[in-house]
Amino acid sequence: NAQFFGWDFGSLWQVANKNRCYALLHAGRPAEALKSYRYMMDMSDDATKASCLDWCTTFKQECSMLYTANGDADLAIYSAAIDLDSATYTIFASRSKARSEKMLWEDALRDAQKVIELNPSSYLGYEVKHAALHGAQLYDEAIEAFQTMLSKLDDVPEINLHQQFVSPSEVDGAIQKVMYTHLDDTPLRLLDTHTGCLCDREAQINAFKSSTEYKELLSSTLKRAELRMDEIQDVVMTFFRCVMLSHRWEVRELLLHDIQDKVVYELNPVGGIVKLQSFCRTTRGAGHRWGWIDTCCIDQTNNAELQKSLNSMFVWYRHSVLTIVYLSDVVPSSKSGALAKSTWNTRGWTVPEFLAPKVVLFYQSDWTLYLDDHSPNHKESPKIMEELQDTTGINAQALVNFRPGMRHARERLQWVSRRVTTLQEDIAYSLFGIFGVQLPVMYGEKKQNALGRLLQEIVAQSGDITALDWIGRPSEFNSCLPADISSYEAPPSALPSISEDEMQISISALRDSEYLKSAVKLYSILDYLSAPRFAHRRLHLPCIAFPVKEVRRRPSQDQETYFTYQVKADRLHDLLISTEDRLLQFSHARPTRQSFLLVRPWDRHPLGLPDFEDNTQSEDDWTLPGSPLQDSHGEFPGEQESVDSESIDRALRLIVRLGQPFSAFLLAQQRGGEYRRIASDHNIIAQVKDIGSVDDMMDVRTLEIL
C-alpha cells in the first residue's frame, strides 16, 4: 500500500469504498451498491481481498436479506446477487419469477431447477417450475410439477398455505361439470372437421381432454381464487362450438354407416360425398372444429337416438355457433330472387332449421356466399331477409329473433301450411321445437295422428283455440282438428272490430236495460269458465251454445262434392253452410232425434278478458282476475243488492263484444251424447240477433267433442 507523510492511501481507498457500498445499499440503491462492490473487488489485489474477507461476507449477507425482503426487485439485481455467490434458493426463485414475467421461459426453468437442487424439500422450486413450464406451453410437465408442489405442501407446517391452492383433480371436476352441461344442448354425434372423422360423445370428450385448450386451462388454474367458472365456460363453449347444416335431401344421401370409421376427406368425391366434404371444409375454414348434418350424424335405425334427436334438434340449431344453409339449386352468381325459388323453401324441416339459430349464412351450389354477401350473419342482411319474408310469409321479426312457444299458434301453423316432408309424420315432428313441446316420435302412426297429437298438446298447454280455426277435412284423431296441415293455408277468420266510440254508444244503450244483472252474471260465468282441454282424443270445449232448429238443403254449384244447407238457430241470424257431409234435414214441423248446435268456442283473448297465461304477477299477489264478481261471502253479483260501476262497465263491454260476428262451429250430437264437428268449406261466421237479450246467451256449456 502506498504511504505518503504517514498516510496509508490503500487503506483509505478501501474504507471509502466500503462506506460507499453500505451507503448505497442502505439508501435503497442496491444495484449501485453492487456495482461499487464489484469495482472495489476488481481493483484490489489478493492481499487486500484477504484483509476484507469478513466484511465481504457480512455485506453479501445483508444484500441477500435485502433481496429476499424485496419481492419486486429488478432482474439485474437478482443476477448480481447470484454473481456474488451469496444467493440462497429464494433468490433463484425470485429470479425465476422475474424471468417468467419477462417470458424468458428457458432461463426461468433453469433457475427453478437450481431452487430444487438447493432445497429439494421446498414447494417453492416446483411452484416456479410450473410457472415456467406453463409459460413455455409444456402443459403436461407443468401439471406434473404442480402436483409435486402440492405433495411438498403436505410437509409445510403452515396449515393455510395448502388451502390457497386447488388440485388438478378439483379443476378437472369443475371443467367436467361445465362440459357435460354444455353437451346437453349439442348433438350426440359430430363431425371433427380437423380429422374428417365422425365422433360420438365419448370421442368428443377425449378430443377435448387431449387438446391444448384443456391442458392450458387445467394448468393455469392454481389458486382457489383463480377458479373462475366464467373462464372455464368460455373455454368449453369455444372448443365445442358446432356448425349445423340446413339443406334439401338429395336422392342419395350418405347415412351413418357410410362414413362411420372412415375419414370423410379420403372418400371418393362423388354424389353426396361432395356436399359432405365441402361442408366440413367450409366449417373448418370458418375456424370451427365441429359440424353436424342430419343425414349421417343420426343413427336412423336406433329408435331411442332418433327420438332424442328429433326432440332436441331445435335446441341444437338454437345453440349452434353458425347454421349453414346450402342451396343446391341456386347456381353461382345468382341474383336476388333465387333464394325464393329454391326447393329449400318448400321443405318442412327447413323452417325450424332457419328460425332456431341466431347466425345463418346462405351458400350457393358451388359453396360461395349467396349474393356475394360476406357479412358475418345473413339474418342481419335486409335484402336477404326481405326476400325470405316475401316467400315464406313469416314476418321479419320472427325470422331474425324467433322465440319458441305456444303464442300465435294459428299464425305459426300457417307458416308451414304449404311445406312438404318426405315422411308424412315429419310435418308434425318438425314443429315440435317451434312450439316448444316434447312428444314421442312414432313413425308409422300416419300424419293425421302425428298432427293431432301436436295440436292436442298446443290446445291443452296454452288454452289457445285458434288452432281450431281451419278450412278443410276433419282429422280422424278428432273432428275439431284438420286432417292436413294445408288446412291452415287460408288466413284466420277476419272478424270486424268495434271502435271505442261505437263501444260507448252500445254501452249507453244497454246501461238502463232490465238485463243489467244478467249481464254481470254472464260475465261471472264466463270469467270462471275452465280452459279447453283434451282427454283421450276427446276435446272438452267450453262454449256458448245456440240450438239449431232447422236444417234445409239448398241448391249449390258443386252438388257432387259439397252440400249447401240453410241453418237456423235460436237467437242467431240464418246461415248458409257448405259441407261434404250429408246432414239430416229437419224443422219444427219435421223434428229429428239428432240434435245440432251452433256454438261460440270460448276464447278469453279476443274478448279482452284476463289471460290465463298472464304471468306478470307473482303467485303471492295474484288475485282472481278482474272481478269484484264475488264478494267476501262468495256470493255472485246476482245475489247482491248492488254492483259497482266498474264491474257493470266490464260486463256491458262483454255483452257488446258478444254481439259482434264470431267464428262458429256446427256440431252434430252422437249416440253417446258427445258431439262431432261438421267441417265446412268456409269459415262459419255467425251473429246474435239482439245483444240486449242477454238471457238468450246464458246457455254456457262444456261439450265433449269426438
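Above: the structure in question.
Because the structure is a prediction, the values reported are computed rather than measured. (Residues numbered from 1 in each chain as written. Predicted model: local features only at pLDDT ≥ 70, side-chain atom pairs only at ≥ 80, totals over all residues. Heavy atoms only, no water.)

*Asks:* Tell me about the overall build of the protein, residues and numbers included.
*Replies:* What the protein contains, in helices and strands, is 28 helices and 18 strands. Burial status across the protein gives 48% buried among its 706 residues. A total of about 35,200 Å² of accessible surface is found on the protein, and carbon and sulfur atoms cover 49% of it. (Helix = DSSP H or I, 4+ residues; strand = E, 2+ residues; numbered from the N terminus. Buried < 20%, exposed > 50% of the residue type's maximum accessible area, 1.4 Å probe, protein only. Areas by Shrake-Rupley, 256 points an atom, 1.4 Å probe, with all protein chains shown as cover.)

*Asks:* For the packing of aromatic side chains, give the residues involved together with the corresponding values.
*Replies:* Scanning all chains against the criterion turns up 19 aromatic pairs. Seen in terms of ring centroids, W292 and W316 are 5.7 Å apart; in terms of plane orientation they differ by 70°. Their pairing is edge-to-face. A residue pair is termed long-range when its members are at least 10 positions apart, and W292 in strand β6 (residues 290–292) and W316 in helix α17 (residues 303–318) qualify at 24 residues. Judged by its relative accessible area of 0%, W292 falls in the buried class. (Phe/Tyr/Trp six-rings, centres within 6.5 Å; stacked < 30°, edge-to-face > 60°.)

*Asks:* Describe in detail the pattern of salt bridges, supporting the description with residues and values.
*Replies:* Counting across every chain of the model gives 20 salt bridges. Ionic pairing is found between E305 and R189, a salt bridge with its closest N-O pair at 2.2 Å. Separated by 116 residues along the polypeptide, E305 in helix α17 and R189 in the loop between α11 (168–183) and β3 (190–192) bring together distant segments of the chain. Here R653 and E500 are joined by a salt bridge, their closest N and O atoms 2.7 Å apart. Remark: E500 occurs in helix α26 (residues 500–511) and R653 occurs in helix α28 (residues 645–658); sequence separation between them is 153 residues. Exposure remark for R653: the relative accessible area of 18% places this residue in the buried category. (Salt bridge = Lys/Arg side-chain N within 4 Å of Asp/Glu carboxyl O.)

*Asks:* Can you lay out the packing of helix α6 (residues 89–101) against helix α7 (residues 105–118) for me, pointing to particular residues and giving the numbers?
*Replies:* With their axes 8 Å apart at the nearest point, α6 and α7 run at an angle of 160° to one another. Relative to α7, the element α6 is oriented roughly antiparallel. You can see that α6 and α7 cross each other, and the crossing is left-handed. Within the contact between the two elements, α6 uses Y89, F92, A93, R95, S96, R99 and S100 and α7 uses W105, D107, A108, D111, A112, K114, V115 and L118. Residues that form the contact of α6 with α7 fall into these classes: 8 nonpolar, 2 polar and 5 charged. (Axes fitted to C-alpha atoms, helices over the stretch in contact; angles between N-to-C directions. Parallel < 35°, antiparallel > 145°, perpendicular 65-115°, else oblique. Left-handed = near helix turned anticlockwise from the far one by under 90°. Contact = heavy atoms within 4.5 Å. Nonpolar A, V, L, I, M, F, W, Y, C, P; charged D, E, K, R; others polar.)

*Asks:* Which residues make up the pairing of strand β13 (residues 596–601), and what values do they have?
*Replies:* The buried fraction of β13 amounts to 6 of the 6 residues, a majority that puts the element mostly inside the structure. Of the two faces of β13, the one lined by F596, L598 and R600 and the one lined by L597, V599 and P601 are each fully buried. Pairing of strand β10 (residues 538–554) with β13, which is carried by 5 bridges, proceeds in the antiparallel orientation. When the sheet's bridge partners are listed, I544 is paired in β13 with R600. (Pairing = 2+ DSSP bridges.)

*Asks:* Requested: an account of α28, with residues and values cited.
*Replies:* Here α28 is 14 residues long and its end C-alpha atoms lie 20 Å apart, about the 20 Å a rise of 1.5 Å per residue gives. Most of α28 is tucked away, with 10 of its 14 residues classed as buried. Its buried side turned inward, α28 meets α26, α27 (516–527), β10 and β13. (Expected span 1.5 Å × (residues − 1).)

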